[in-house]
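Listed below, chain by chain, are the residues.
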Amino acid sequence: MAYLSTTDFTQDKDFIDKWLYTIRTGEMDLSWMKSTTEKISPEEANPRRGLTYRDLNVGTYGYTDIPEKVRNNRSYAPRGAEIPEGVPDAQPWVSRKSELWAFNTESYYEEAVSRQWNATTDIPWDRLDGVELPEVTGKALSQLMTFLTEVEMIATDTPAMWLPRLNPDFIEVRSFIAAQAMDEARHAEVFRKRALTTGWGLMQASPINEMALKHLRDADSFSEMSVALHLVAEGNVLTLFRFSEYLSPTDVDKKIFRLVMQDEARHVGYGMQHFKYVLEHFPEKREVLHAHLDEAENISFAGAAATELTEAFIILAGGGLKKENIEQGIKVTTQFNLKQMQEHFERLDKCGMPERRERSKLYLMYEMGRAAAENAGIKLN
């Protein structure tokens with residue numbers, strides 16, 4: 001146990017005497033009833049929606065006036081509570097609003113809890129009974145699901161490891177991050193189940209993909225993690241899910257990808273709104289964000305070329321291993337890879353960083369790939 005109490009209460013005579021005295025007499029202290037906290041009467045702005053975090057944005061309990069640097073709360077006390085002497089320092093790593101806040105943070109959490117789905121009961125697994133895919137297609141689908149299970153496992157670990165590091169004054173962000181970890185755990189579950197129901201079991205782990213995933217876990221700050229995870233990695237995965245839904249060999253697979261897409265879009269939305277918030281409120285951090293993107297884009301470019309993903313995708317897109325299948329598969333996979341990069345820069349444009357195209361090595365790779373695709377007769381939207 002890392003933290004040890006400064007007192008062994010079972011050996012503290014004064015503490016034990018007070019405990020026994022209270023049991024014997026029923027005499028209470030009641031000092032907590034004299035708390036000088038603000039008294040409010042929050043109301044539902046929309047009764048159909050219920051009482052939301054936004055409805056609680058009132059007075060000292062609200063989030064609008066949280067300062068950039070939270071100095072008065074280093075405990076586990078919820079924002080607005082009275083903090084008496086003797087509360088231990090919880091040593092939060094992140095106490096700056098600019099490190100984690102996003103426009104509409106409170107709404108992302110409310111959406112997350114209202115759109116929860118169940119990988120056990122909301123997927124029509126029974127429709128797979130009697131469905132037999134060709135061996136090569138079945139193995140490719142299982143490899144894709146194995147790859148995605150890897151991705152979602154680290155996507156669960158990464159936000160979850162930051163939870164105890166965030167100052168409790170940012171309860172709306174903490175709630176969203178907790179909901180995201182649950183989303184990602186459910187994604188890992190559904191992809192694992194689908195891999196096993198192909199009849200081919202799990203396939204092969206991806207060394208280069210895991211190198212890219214390790215980068216997410218090892219970020220030096222929450223904001224760096226958010227840029228790498230929410231904005232870059234999950235942005236790429238959102239494009240992957242959309243293409244995978246289109247290529248899915250069964251209606252069950254299509255439903256899986258539609259459900260995970262709605263979660264992933266929410267995570268990307270938070271990342272974009274955090275990025276946008278920092279750019280608008282702390283323009284001096286623009287160069288820091290460029291530095292975060294330099295590394296995240298480099299790792300993203302490497303991970304997108306993972307053989308375990310690319311070859312499985314080519315087979316699924318083309319429908320087999322014959323020459324004409326491979327040609328069609330390469331065409332679709334090239335379109336997919338370039339679409340990932342194109343949408344990444346479109347998101348940065350929307351966040352307020354259009355100059356990224358001028359200084360990004362990834363954008364040079366995008367232009368190079370686009371030219372090569374056009375020379376090969378592959379049309380891009």
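These numbers were taken from a predicted model, which means no experiment stands behind them. (Residues numbered from 1 in each chain as written. Predicted model: local features only at pLDDT ≥ 70, side-chain atom pairs only at ≥ 80, totals over all residues. Heavy atoms only, no water.)

1. Some words on the overall build of the chain
Move 1: Check the secondary structure of the chain and you find 12 helices and 0 strands.
Move 2: Reading the secondary structure of the chain in the N-to-C direction produces α-α-α-α-α-α-α-α-α-α-α-α.
Move 3: Projecting the C-alpha coordinates of the chain onto the three principal axes gives extents of approximately 85 × 50 × 45 Å.
Move 4: The buried share of the chain, reckoned over its 381 residues, is 47%.
Move 5: Of the accessible surface of the chain, which amounts to about 20,200 Å², a share of 54% is contributed by carbon and sulfur atoms. (Helix = DSSP H or I, 4+ residues; strand = E, 2+ residues; numbered from the N terminus. Buried < 20%, exposed > 50% of the residue type's maximum accessible area, 1.4 Å probe, protein only. Areas by Shrake-Rupley, 256 points an atom, 1.4 Å probe, with all protein chains shown as cover.)

2. What to know about helix H1 (residues 13-25)
Move 1: In this model H1 runs 18 Å from its N-terminal to its C-terminal C-alpha over 13 residues, within 8% of the 18 Å that 1.5 Å per residue would give.
Move 2: You can read the cap of H1 off the contacts: a side-chain oxygen lies 3.1 Å from the backbone nitrogen of aspartate 14, and it is on aspartate 12.
Move 3: Count one or two residues on from H1 and you reach glycine 26, which has phi positive near 75 degrees. (Expected span 1.5 Å × (residues − 1). Polar contact = N/O pair within 3.5 Å; in protein donor to acceptor, adjacent residues only side chain to side chain.)

3. Brief notes about empty space enclosed by the protein
Move 1: Summed over the entire model, instances satisfying the criterion amount to 3 cavities of 30 Å³ or more.
Move 2: Asn209, Ala212, Ala233, Asn236 and Val237 are, among the 27 residues lining the largest cavity, the residues nearest its centre.
Move 3: Of all elements in the fold, only helix H3 (135-162), helix H5 (207-217), helix H6 (222-247), helix H8 (286-304) and helix H10 (323-351) reach the threshold of two or more residues within the lining of the largest cavity.
Move 4: Of the residues forming the lining of the largest cavity, the biggest block, 8 residues, is contributed by H6.
Move 5: Looking at side-chain class alone, the lining of the largest cavity contains 17 nonpolar, 6 polar and 4 charged residues.
Move 6: Computed from the structure, the second largest cavity encloses a volume of approximately 50 Å³.
Move 7: Lining the second largest cavity, in full, are Ser75, Tyr76, Ala90, Pro92, Pro164, Leu166, Pro168 and Arg174.
Move 8: For the lining of the second largest cavity, the per-class residue count stands at 6 nonpolar, 1 polar and 1 charged. (1 Å grid on protein atoms, 1.4 Å probe; cavity = no way out; pocket = protein on both sides within 12 Å on 5 of 7 lines; lining within 4 Å. Points joined across faces, edges and corners; volume = space filled by probe spheres on them. Nonpolar A, V, L, I, M, F, W, Y, C, P; charged D, E, K, R; others polar.)

4. Remarks on the packing of helix H2 (residues 105-114) against helix H7 (residues 251-281)
Move 1: Taken N-terminus to C-terminus, the directions of H2 and H7 make an angle of 170 degrees; their axes are 10 Å apart at the nearest point. The orientation of H2 relative to H7 falls into the category roughly antiparallel. Packed against H2, whose contacting residues are Thr105, Tyr108, Glu111 and Ala112, the element H7 presents Gln262, Arg266, Gly269, Tyr270 and Gln273 at the interface.
Move 2: Grouping the constituent residues of the contact of H2 with H7 by class yields 3 nonpolar, 4 polar and 2 charged. (Axes fitted to C-alpha atoms, helices over the stretch in contact; angles between N-to-C directions. Parallel < 35°, antiparallel > 145°, perpendicular 65-115°, else oblique. Contact = heavy atoms within 4.5 Å.)

5. Brief notes about the layout of surface pockets
Move 1: Space inside the largest pocket adds up to approximately 380 Å³.
Move 2: In this structure, the largest pocket is lined by 19 residues; those nearest its centre are Phe301, Ala304, Asn337, Leu338 and Met341.
Move 3: Elements with a minimum of two residues in the lining of the largest pocket: H8, helix H9 (307-318), H10 and helix H12 (361-375).
Move 4: Counting residues per element, the lining of the largest pocket draws most heavily on H10, at 8 residues.

6. Description of the pattern of salt bridges
Move 1: Following the criterion strictly, the structure yields 24 salt bridges and no others.
Move 2: Glutamate 189 is paired through a salt bridge with lysine 193; the nearest N and O atoms lie 2.6 Å apart. Of this pair, glutamate 189 and lysine 193 both sit in helix H4 (residues 171-197), 4 residues apart, which is roughly one turn of that helix.
Move 3: Judged by relative accessible area, which is 28%, lysine 193 ranks as partly exposed. (Salt bridge = Lys/Arg side-chain N within 4 Å of Asp/Glu carboxyl O.)

7. A closer look at the confidence of the model for the chain
Move 1: When the pLDDT values of the chain are averaged, the result is 93; 99% of them are 70 or greater.
Move 2: Mean pLDDT in the chain bottoms out at H5, which sits at 87, and peaks at H4, which reaches 97. (pLDDT = per-residue confidence, 0-100.)

8. Focus on the packing of H3 against H6
Move 1: Where H3 meets H6, the closest approach of the two axes is 12 Å, and the angle between their N-to-C directions is 155 degrees. Here H6 runs roughly antiparallel to H3, going by the angle between their axes. In the packing of H3 onto H6, the handedness of the crossing is left-handed. Contacts between H3 and H6 pair Leu144, Phe147, Leu148, Val151, Glu152, Thr158, Pro159 and Trp162 from the former with Phe222, Met225, Leu229, Val237, Leu240, Phe241 and Ser244 from the latter.
Move 2: Classifying every residue of the contact of H3 with H6 gives 12 nonpolar, 2 polar and 1 charged. (Left-handed = near helix turned anticlockwise from the far one by under 90°.)

9. Examining the environment of aspartate 263
Move 1: One can find aspartate 263 in helix H7.
Move 2: With 83 residues separating them in the primary sequence, aspartate 263 and glutamine 180 have C-alpha atoms 8.1 Å apart.
Move 3: Each residue touching aspartate 263, except ones within four places of it in the same chain, is listed here: Arg115, Trp117, Asp183, Arg186 and His187.
Move 4: Here histidine 187 takes part through its side chain, which lies 2.9 Å from a polar atom of the side chain of aspartate 263.

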